[in-house]
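Chain and residue survey
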Amino acid sequence: MRRAAGTVEGASAGDVFAGQPCFFGPARETVAFVLLSVYNEDGGNAMKRRFPVRPVRQEAALRGTGTEVKAKRMEQIIIHVDMDAFFASVEMRDNPALRGKPLIIGSLPGERGVVATCSYEARRYGVHSAMNIKEAFRLCPNGIYMHPNIDKYRAVSGQLREIWSAYASAVETIALDEAYLDVTAQAGDLEGARRIARTIKQRTRAEIGLTCSVGVAYSKTAAKTASEEKKPDGYFEIPTPEDFVSLIIDRDVRVIYTVGQMTAEKLYASGIRTVRAIRENPETVIRLLGKQGQWITNLAFGIDDRKVTPYCPQDAKSISREVTFQEDVTHYGFLRDVLVLLALCVEHRARRYGLYGNGVTLKLTYFNMKSITRSRLIPACDSAVMIWRESARLLETVEKRPVRLIGAGIYNLSGEEGRQLTIEDFFDDARARRDRELKELLDGLQNRYRLDFAGHLEQLYQADTLHRTVEYMRKHMK
Ligand code: TTP
Ligand code: MG
Ligand code: MG
């Protein structure tokens with residue numbers, strides 16, 4: 001698989017999804033193979049290649065009989081590292097007065113917005129990431145609330161990466177605080193991997209002053225599961241698929257990390273509550289969930305052959321999102337509306353990685369497969385409003401023919417040190433105006449399509465939801 005040159009996100013989610021937008025229909029959150037392939041240039045296809053659809057009743061074959069199978073299972077040794085309460089821990093490291101307190105990073109009470117993360121002390125009150133800030137404040141009125149300092153976290157992330165890179169042949173960064181490391185060559189065997197994990201934990205504490213949780217395993221999924229197993233400051237290993245299966249077999253289906261609330265509810269409704277039940281009813285799971293069902297079933301059997309694909313967001317040249325329509329679109333007012341959603345998704349991804357663009361691009365593929373891109377240099381753009389405004393302006397300049405695909409993005413990425421200041425940096429008024437503009441844009445969409453966009457942003461960021469929502473809008477546009 002070739003990585004899309006410099007593209008952080010290229011998932012166009014293909015044309016497999018139809019019907020209602022997820023927050024109205026039953027299939028709300030994850031279609032695993034699309035979600036997991038957001039970094040692939042060809043949407044879900046690379047994932048399909050990497051997960052050849054296998055017959056699902058492979059338990060006997062998978063268990064194998066002896067060491068031969070077991071040795072084969074350690075063909076790759078993967079470490080997953082994830083920092084503990086990352087944003088909050090950095091703040092507590094830098095300000096001892098915050099330590100031991102329920103600390104909530106995100107919006108402030110009284111603002112619109114959500115919790116980015118919170119300290120483990122705050123989690124005891126039931127506060128968690130992505131929770132509405134009002135709800136967090138209700139649960140934890142005595143908490144300390146702070147805006148995030150993304151630039152600081154991005155700098156820490158760079159330091160972490162240096163440590164990680166010293167022990168791995170490939171580092172795949174998943175977020176500022178998290179990566180998969182392929183340590184197969186460096187570790188040699190499980191004992192070697194243990195040593196590497198221990199060293200990474202020690203160096204992270206000594207040099208950066210933070211704790212992390214580390215998982216060692218034969219696959220990416222198992223490594224991620226392992227790192228979560230003993231959080232915070234944890235270490236856990238899952239050397240073989242058998243270990244993975246025996247760890248999770250009696251747990252709720254949600255232990256499979258791509259199974260979200262709505263997927264779980266579909267499974268529950270068919271009486272499938274545990275991983276064991278998935279293994280016993282693969283046909284039902286696949287009938288209910290299609291390709292996602294196939295992927296979930298494979299995971300329930302411990303099958304995950306994905307490789308660690310080197311990736312560094314800081315090296316990315318651009319961040320973009322695009323959607324392909326089920327039918328060509330001739331209504332350019334509708335395309336302007338779709339750009340709002342694309343801009344929101346680009347903003348979200350940029351902020352997750354602490355990056356800014358210095359230009360905006362618009363991409364169109366016409367009905368005849370002819371593609372065009374238009375771009376404009378705009379310093380320091382990471383806000384959805386700016387991305388929307390500029391991409392919508394670019395849309396006005398193009399030839400108006402039926403459109404099959406539309407994309408928007410930012411390019412010339414930089415972090416804070418390369419960032420030029422904008423008026424919004426100096427004036428609260430300007431920021432407030434931007435927030436007002438965003439609210440107006442979302443209200444406009446809500447009126448035109450009768451969907452509560454503002455209330456479902458987190459879902460919108462997911463490839464399948466975005467695609468479904470856009471299809472819903474297309475069918476309901478006036
Ligand atoms: P996570 O690793 O998911 O969470 P965490 O590190 O805060 O806590 P844990 O100990 O459970 O790993 O995310 C890493 C950072 O990414 C987190 O500190 C804040 C940010 N983030 C958001 O901004 N929004 C989100 O919805 C999530 C989940 C994380
Ligand atoms: Mg974390
Ligand atoms: Mg993380």
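Residues numbered from 1 in each chain as written. Chains lettered and ligands numbered in written order. Predicted model: local features only at pLDDT ≥ 70, side-chain atom pairs only at ≥ 80, totals over all residues.

Regarding the overall build of the protein
To be explicit about the condition: Segments assigned H or I by DSSP are reported as helices when at least four residues long, segments assigned E as strands when at least two residues long, and all are numbered from the N terminus. Counting other C-beta atoms within 10 Å of each residue's C-beta, where C-beta atoms are placed from the backbone, gives the exposure class: buried for 20 or more, exposed for 12 or fewer, partly exposed between. Note on contacts: residues are paired as contacts if their backbone-placed C-beta atoms lie within 7 Å.
Within the protein, the secondary structure is distributed over 21 helices and 12 strands. Across the 478 residues of the protein, 46% fall into the buried class. Partitioning the intrachain contacts of the protein with sequence separation of at least 6 by distance along the chain shows that 65% fall at a separation of at least 24.

Thoughts on the sheet that holds strand β5 (residues 170–175)
Backbone-to-backbone hydrogen bonds pair the strands of a sheet. The strands run either parallel or antiparallel. The cut-off we apply is this: Strand pairing follows a simple DSSP-based rule, namely that at least 2 bridges must link the two strands. With axes taken as lines fitted to C-alpha atoms, and helix axes fitted only over the stretch in contact, angles between N-to-C directions fall between 0 and 180 degrees.
In spatial order, the strands read β5-β6-β1-β7-β8; together these five strands make up an open sheet with mixed pairing. This sheet does not close on itself; its edge strands, each paired only once, are β5 and β8 (235–238). When the angles between neighbouring strand axes are averaged without regard to direction, this sheet yields 15°. Here strand β1 (residues 78–83) pairs with strand β7 (residues 212–217) via six bridges, running antiparallel. Residue Asp82 lies in a different strand from β7, and its bridge partner there is Ser213. The strands touched by helix α11 (residues 220–229) are β1, β6 (178–182), β7 and β8; relative to β7, the strand with the most contacts, the crossing angle is about 140°.

Describing the pairing of β1
Within a regular beta strand, the side chains point alternately toward one face of the sheet and then the other, so they alternate between its two faces. A large share of β1 lies buried, amounting to six of its six residues. Where β1 and β6 come together, five bridges link them in antiparallel fashion. Counterpart to Val81 in the pairing with β6 is Ala179.

Brief notes about the sheet that holds strand β9 (residues 318–329)
Taken together, the four strands give an open sheet; going across it, the order is β9-β12-β10-β11, and neighbouring strands pair in antiparallel fashion. Two strands in the sheet have a free side with no partner beyond their single neighbour: β9 and β11 (371–381). Averaged over all pairs of adjacent strands, the angle between strand axes in this sheet comes to 15°, irrespective of strand direction. Pairing of β9 with strand β12 (residues 403–411), which is carried by eight bridges, proceeds in the antiparallel orientation. When the sheet's bridge partners are listed, Ser318 is paired in β12 with Tyr411.

Concerning the site of ligand 1
What counts here: Residues are counted as near a molecule or strand when the C-beta atom, derived from backbone positions, lies within 6 Å of that molecule or strand. Lys, Arg, Asp and Glu make up the charged group, whereas Ala, Val, Leu, Ile, Met, Phe, Trp, Tyr, Cys and Pro make up the nonpolar group; the residues left over, Gly among them, are polar.
Lining the immediate surroundings of ligand 1 are 15 residues, of which Phe86, Phe87, Ala116, Thr117 and Ser129 lie closest. Counting only elements with at least two residues in the shell around ligand 1, the list comes to β1, α5 (86–94) and β3 (115–118). Looking at the shell around ligand 1, its residues break down into eight nonpolar, two polar and five charged.

Structural notes on the packing of helix α8 (residues 150–165) against helix α10 (residues 190–208)
We count it as follows: By definition, any crossing whose near helix is turned counterclockwise from its far helix by less than a right angle is left-handed, and any crossing with a clockwise turn is right-handed.
For the pair α8 and α10, interaxial distance at closest approach is 10 Å and the crossing angle is 145°. In this structure, α8 meets α10 at a crossing whose hand is right-handed. Between α8 and α10, the residues in contact are Val156, Gln159, Leu160, Ile163 and Trp164 and Ile200, Arg203, Thr204 and Ile208, respectively. The residue makeup of the contact of α8 with α10, split by class, is six nonpolar, two polar and one charged.

With respect to helix α21 (residues 463–476)
Within an α-helix, residues lying three or four positions from one another point in the same direction, as the helix has 3.6 residues per turn. Rules: Given a helix with a known number of residues, its expected span is that number minus one, times 1.5 Å.
Between the first and last C-alpha of α21 there are 20 Å, a value that for 14 residues agrees with the 20 Å anticipated at 1.5 Å per step. When you tally the buried positions in α21, you get 11 out of 14 residues, the bulk of the element. By the burial criterion, the buried members of α21 are Ala463, Asp464, Thr465, Leu466, His467, Arg468, Thr469, Val470, Glu471, Tyr472 and Met473.

Remarks on unusual backbone geometry
Between Lys231 and the following residue, Pro232, the backbone shows a cis peptide bond with an omega angle of -10°. Along the chain, Pro232 turns up in the loop between α11 and β8. For Met369, which is not glycine, the phi torsion reads 75° and is therefore positive. You can see Met369 is positioned in the loop between β10 (357–366) and β11. A positive phi angle is found at Asn412, which is not glycine, with a value near 55°.

Re the nonpolar core
The following threshold applies: Each nonpolar core consists of buried Ala, Val, Leu, Ile, Met, Phe, Trp, Tyr and Cys residues. Their C-beta atoms, within 7 Å, join them into a set.
Counting residues in each nonpolar core, the largest one holds 124 residues, and the members touching the most others are Ile79, Ile104, Leu181, Leu339, Ala343 and Ile387. Setting aside its immediate chain neighbours within four residues, Ile79 contacts Leu181, Val183, Ala193, Ile196, Ala197, Val214, Gly215, Val216 and Ala223.

With respect to the environment of Lys152
Inspection of the secondary structure assignment puts Lys152 in helix α8. Separated by 202 residues in sequence, Lys152 and Gly354 have C-alpha atoms that sit 9.1 Å apart.

With respect to the confidence of the model for the protein
Formally: Confidence scores labelled pLDDT are given residue by residue by the predictor and lie between 0 and 100.
On average, residues of the protein score 82 in pLDDT, and 81% of them reach the 70 mark or higher. With pLDDT under 50 throughout, residues 1–73 is counted as low confidence; its partners more than four residues away or in other chains account for 142 contacts.

Side note on the environment of Leu103
Looking at the element boundaries, Leu103 is found in strand β2 (residues 103–106). Leu103 sits 15 residues away from Cys118 along the chain, and the two C-alpha atoms are 5.5 Å apart. In this structure Leu103 touches Ala88, Glu91, Met92, Leu98, Cys118, Ser119, Ala122, Gly143, Ile144 and Met146, once residues within four positions along its chain are discounted.

Side note on the packing of helix α16 (residues 332–352) against α21
The condition that has to hold: Roughly parallel refers to an angle under 35 degrees, roughly antiparallel to one over 145, roughly perpendicular to one between 65 and 115, and oblique to any angle outside these ranges.
Where α16 meets α21, the axes come as close as 11 Å, and the angle between the chain directions of the two elements is 165°. Our classification of the angle between α16 and α21 gives roughly antiparallel. In terms of crossing hand, the pair formed by α16 and α21 is right-handed. On α21, the residues that touch Phe334, Asp337, Val338, Leu341 and Cys345 of α16 are Leu466, Thr469, Val470, Met473 and Arg474. Here the contact of α16 with α21 is built from residues that sort into seven nonpolar, one polar and two charged.

Focus on the environment of Glu75
Along the chain, Glu75 falls in the loop between α4 (67–73) and β1. Separated by 113 residues in sequence, Glu75 and Gly188 have C-alpha atoms that sit 9.9 Å apart.

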